[in-house]
Amino acid sequence: MNFISCRAITRVKDKTHVISQKYASLITPRFYHSSKPLSCAGATSSGLAQEQSQSYIHHIGKEPLVYRNVGQHLRLAAEKYPNNEAIVSCHQAQRLTYSDVLEKVDRIAASFYQLGLEKGDRVGIWAPNGTQFYLSTLAAARAGMISVGINPAFQAPEVEYSLNKVGVNALIAAESHRNHNYYETLTKIIPELANSPKNSLNSSKVPTLKTVIIDNERSSGSLPGTFSFRDLLTLSTPQQAATIESLQSEISPDSGVNLQFTSGTTGQPKAAYMHHYGFVNNGIHIAVRNEFDRSLHRICLQVPLFHAYAIVVGIMAALTHGTTLVLPDSGYNPLQSLEAIVKEKCTTIYGTPTMYVDLIKAVRETNFQMPVVAQAVTGGASCSPKLFQDIRDVLRVRKPKTVFGMTEASAILYQSLFNDDGDELLNTVGHVTDHYEAKVVDSAGNTVPFGTPGELWVRGYGTMLGYWNDPKKTKETIDVDKWLRTGDQFVLRADGYGKIVGRIKEVIIRGGENIFPKEIEDFLNAHPKILETHCIAVPDERMGEEVCAYVRLKDGKEQLDLSEIRDYCKGKIAHFKIPRYLRIVQQFPKTNSGKVQKFLLQQMFAKECSK
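Residues numbered from 1 in each chain as written. Predicted model: local features only at pLDDT ≥ 70, side-chain atom pairs only at ≥ 80, totals over all residues. Heavy atoms only, no water.

Peer 1: Run through the overall build of the protein chain, naming residues and quoting values.
Peer 2: Scanning the protein chain from terminus to terminus reveals 18 helices and 29 strands. Per-residue burial for the protein chain yields a buried fraction of 57% across its 611 residues. Put simply, 71% of the contacts in the protein chain that link residues at least 6 apart link residues at least 24 apart. Split by element, the accessible area of the protein chain, about 25,700 Å² in all, is 50% carbon and sulfur. (Helix = DSSP H or I, 4+ residues; strand = E, 2+ residues; numbered from the N terminus. Buried < 20%, exposed > 50% of the residue type's maximum accessible area, 1.4 Å probe, protein only. Contact = heavy atoms within 4.5 Å. Areas by Shrake-Rupley, 256 points an atom, 1.4 Å probe, with all protein chains shown as cover.)

Peer 1: Tell me about the environment of Asp106, residues and numbers included.
Peer 2: Inspection of the secondary structure puts Asp106 in helix H4 (residues 98-114). Among the residues examined, Asp106 registers a relative accessible area of 9% and is labelled buried. Along the chain, Asp106 and Ala143 lie 37 residues apart, while their C-alpha atoms are 8.0 Å from each other. Setting aside chain neighbours within four positions, we find Asp106 in contact with Arg142, Ala241 and Ile244.

Peer 1: Hey, could you go over unusual backbone geometry for me, with residue numbers and the actual values?
Peer 2: Positive phi is not limited to glycine here, since Lys345 has a value of about 55°. Along the chain, Lys345 turns up in the loop between helix H11 (334-343) and strand S15 (348-351). Positive phi, normally seen in glycine, also occurs at Asn469, with a value near 50°. Assignment of secondary structure puts Asn469 in the loop between strand S22 (466-467) and helix H15 (471-477).

Peer 1: Account for the sheet that holds strand S28 (residues 544-553), naming residues and giving values.
Peer 2: Pairing is mixed across the open sheet formed by three strands, whose spatial order is S27-S28-S29. Strand pairing shows two members of the sheet lacking a second neighbour, strand S27 (530-540) and strand S29 (581-584), which therefore form its edges. Geometrically, the sheet is characterised by an average inter-axis angle of 25° between neighbouring strands, direction not taken into account. Bridge count for S28 against S29 is four bridges, and the pairing is parallel. Along S29, the bridge assignment pairs Tyr550 with Arg583. Across the sheet, helix H18 (residues 598-610) touches S27, S28 and S29, and the angle it forms with S27 is around 60°. (Pairing = 2+ DSSP bridges. Axes fitted to C-alpha atoms, helices over the stretch in contact; angles between N-to-C directions.)

Peer 1: Describe the sheet that holds S15, with residues and values.
Peer 2: Read from one edge of the open sheet, nine strands run S3-S2-S14-S13-S15-S16-S17-S18-S19, paired in mixed fashion. Two strands close off the open sheet at either side, each with one partner strand: strand S3 (94-97) and strand S19 (431-432).

Peer 1: Give me the pairing of strand S6 (residues 170-174): which residues, what numbers.
Peer 2: Of all five residues in S6, five are buried, a share of seventy percent or more. Here strand S4 (residues 122-126) runs beside S6; their pairing, made up of four bridges, is parallel. By the bridge assignment, Val123 is partnered in S6 with Ala170.

Peer 1: So what about the packing of helix H9 (residues 276-289) against helix H10 (residues 308-321)? Which residues, and what values?
Peer 2: Two elements in contact, H9 and H10, have axes whose closest approach is 7 Å; the angle formed by their N-to-C orientations is 75°. One element, H9, and the other, H10, form an angle in the roughly perpendicular class. Residues Phe279, Val280, Asn282, Gly283, Ile284, Ile286 and Ala287 of H9 form the contact with H10, whose own contacting residues are Ile311, Val312, Val313, Met316, Ala317, Thr320 and His321. Looking at side-chain class alone, the contact of H9 with H10 contains ten nonpolar, four polar and no charged residues. (Parallel < 35°, antiparallel > 145°, perpendicular 65-115°, else oblique. Nonpolar A, V, L, I, M, F, W, Y, C, P; charged D, E, K, R; others polar.)

Peer 1: How would you explain the pattern of salt bridges if you had to name every residue and give the values?
Peer 2: Scanning the entire structure with this criterion turns up 33 salt bridges. Between Glu424 and Arg493 there is a salt bridge whose closest N-O contact spans 3.3 Å. Here Arg493 lies in the loop between strand S23 (484-492) and strand S24 (498-503) and Glu424 lies in helix H14 (residues 422-426), a separation of 69 residues in the sequence. (Salt bridge = Lys/Arg side-chain N within 4 Å of Asp/Glu carboxyl O.)

Peer 1: Tell me about helix H8 (residues 238-247), and name the residues and values.
Peer 2: Within the span of H8, buried status applies to Ala241, Ile244 and Leu247. Along the axis of H8, the buried residues cluster in a sector spanning 95°; they form a single face. Set apart from the buried face of H8 by more than 90 degrees, the exposed residues are Pro238, Gln239 and Ala242. In this structure, the buried side of H8 is in contact with H4 and helix H5 (131-142). (Arc of directions from axis to C-beta.)

Peer 1: Explain H4 to me, using residue names and the numbers behind them.
Peer 2: When the terminal C-alpha atoms of H4 are compared, their 24 Å separation across 17 residues agrees well with the 24 Å that a helix rising 1.5 Å per residue should span. Within the sequence span of H4, burial applies to Tyr98, Val101, Leu102, Val105, Asp106, Ile108, Ala109, Ala110, Ser111 and Phe112. With its phi angle positive at about 95°, Gly116 sits one or two positions after the end of H4. (Expected span 1.5 Å × (residues − 1).)

Peer 1: Before we move on, can you summarise the side chain of Arg552 with the specific residues and values?
Peer 2: Considering the arrangement of structural elements, one finds Arg552 in strand S28. Engagement of the side chain of Arg552 in a polar contact is seen with the side chain of Asp358, the distance being 3.1 Å. Setting aside its immediate chain neighbours within four residues, Arg552 contacts Val357, Asp358, Ile530, Leu531, Glu532, Val585, Gln586, Gln587 and Phe588. (Polar contact = N/O pair within 3.5 Å; in protein donor to acceptor, adjacent residues only side chain to side chain.)

Peer 1: Which residues make up the packing of helix H3 (residues 70-80) against H5, and what values go with them?
Peer 2: Where H3 contacts H5, the axes come no closer than 7 Å and their chain directions differ by 115°. Contacts between H3 and H5 pair Val70, Gly71, Gln72, Leu74 and Arg75 from the former with Leu138, Ala141 and Arg142 from the latter. Grouping the amino acids of the contact of H3 with H5 by side-chain chemistry returns four nonpolar, two polar and two charged.

Peer 1: Help me get a handle on the packing of aromatic side chains, residues and values and all.
Peer 2: Per the stated rule, a full pass over the model turns up twelve aromatic pairs. Between Phe523 and Tyr568, the aromatic rings sit 5.0 Å apart at their centres with planes inclined by 40°, giving tilted as the arrangement. In this pair, Phe523 sits in helix H16 (residues 517-524) while Tyr568 sits in helix H17 (residues 562-569), placing the two residues 45 residues apart along the sequence. For Phe523, a relative accessible area of 18% gives the class buried. Accessibility expressed as a relative area gives 19% for Tyr568, which makes it buried. A centroid spacing of 5.3 Å and a plane angle of 65° characterise the contact between Tyr581 and Phe605, whose relative ring orientation is edge-to-face. Of this pair, Tyr581 sits in strand S29 while Phe605 is found in helix H18, placing the two residues 24 residues apart along the sequence. For Tyr581, a relative accessible area of 22% puts it in the partly exposed group. (Phe/Tyr/Trp six-rings, centres within 6.5 Å; stacked < 30°, edge-to-face > 60°.)

Peer 1: Can you lay out the pairing of strand S9 (residues 211-215) for me, pointing to particular residues and giving the numbers?
Peer 2: In terms of residue burial, S9 counts as a mostly covered element, since five of its five residues are buried. Burial along S9 is two-sided: Thr211, Ile213 and Asp215 facing one way and Val212 and Ile214 facing the other are all buried. Here five bridges tie S6 to S9, and the two strands are oriented parallel to one another. Looking at the pairing, Ala173 lines up with Ile214 of S9. Both S9 and strand S10 (residues 227-228) contribute to a ladder of two bridges, which runs parallel. Bridge assignment links Ile213 to a residue of S10, and that residue is Phe227.

In structure tokens:
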């Protein structure tokens, strides 16, 4: 007999909606924490109090989840907002409305089939930000294929690894970007390319790859062994393009839509296999909390399109209410971002904390006249309270907001509510998103009391299908009850808000004391000379580990030494948290999505000590 604890229950409004059997157990109304006293026969008040104090939340949304694939979501956007600008690429001088996007996407999707691709095939996209990346991603979804975003900064070994990891069947690549010639790099990986007939590639190193498409918009014709991206708009007839709409009913929302490589902050990336259902619904919830349903917004999108931040928080949320995405440049450039905000009258800014640090620095150094901006959303890494204040004061943002999530959960797990301010904004990552469960557990997997640090586990509609061809890693990340282990050291509040303390593997254990790097980083970022701080654990014979603070200064001419840091910390944070080592850097090693690669900082320190 099943035993059910007596707890408060909230149910979704009675509305008829279709859900996948696969996800039914994840969105069925569950028990959730209630702060109100309960009276249950047969239960002791002390037992109930203990149960209610445990770090578990289920935030049931007001509206049911939708059972829709990405292609259907795009078609609805084109029908509702045909004349709204969907994307503006400043560096390409290109503007596309939602009706333009759907027409081009279906031509490209139909051309994929003309090239011999099939439903479920992987389409790699290795390029900087631009309309081609945007259209190709949506075209793969409309075709029932799986897009694979590849970091444009990757070099030959990394690209070869990515192509083989997920068995890419067709690759769309830029011809060149900045100092990187993509075609030349491909010929190193695939020496057969230059002498291969189009669409008949037979590569010894990448056997699944049959077709290469180069976006050579600045030159005519195509490069040896490749199609031109322009060919994708002409290979199919209007009649063939029209068949793509009828294909949508055959693409299950439960099926895969995208493969996201983990950001590589800790080593070799895995490939998270994402589905339509998670992308569409997470985009809807993000759009509502970012108030896209209240007025027409224009987003300055600084993050790279290969990343989940741009695809879900950017593209999917924008589709929901006909919002415009503005690409300031092919890569991240703070001055270009500032110009785009003014020229394109952007009401919203998207970026990582590091990007906002650079924007603030650029405004101060150039005396740039910022217009008032409705909101700025920060995600991809933790944001310090000082940075939020600077976003508001220097960038003239009315509503700074935060999002927190992970690729493996279809992006966003926590997000600011409409009127968050004060403590909710400065000291939390927002409120748990709709239709998600969250709990904080100890090392044995048992829930801890609210306010106690532990590892954040989540469960909901957006959990990835798994890591591509990696059941072992999938099992390590998703348990038998479908809880997704985030790896984040987290504190959960009873009202649904949460705070990141650090990464589980980043916890510094000094002489038996657990030290969370983010606490020290936030504290040091308030120092008048410091622009950005990242702390790591370094080995120590006596203490086991010590703290090393890597610091970037506001002015390259500023001087800062360890004694000044210690004086600043004394009496303000515990003595064991004060960094033993200080290193000044001009830049931090980062992924292309803006996350600092702390394992490289540790390698730098180890190399320095070995000399």
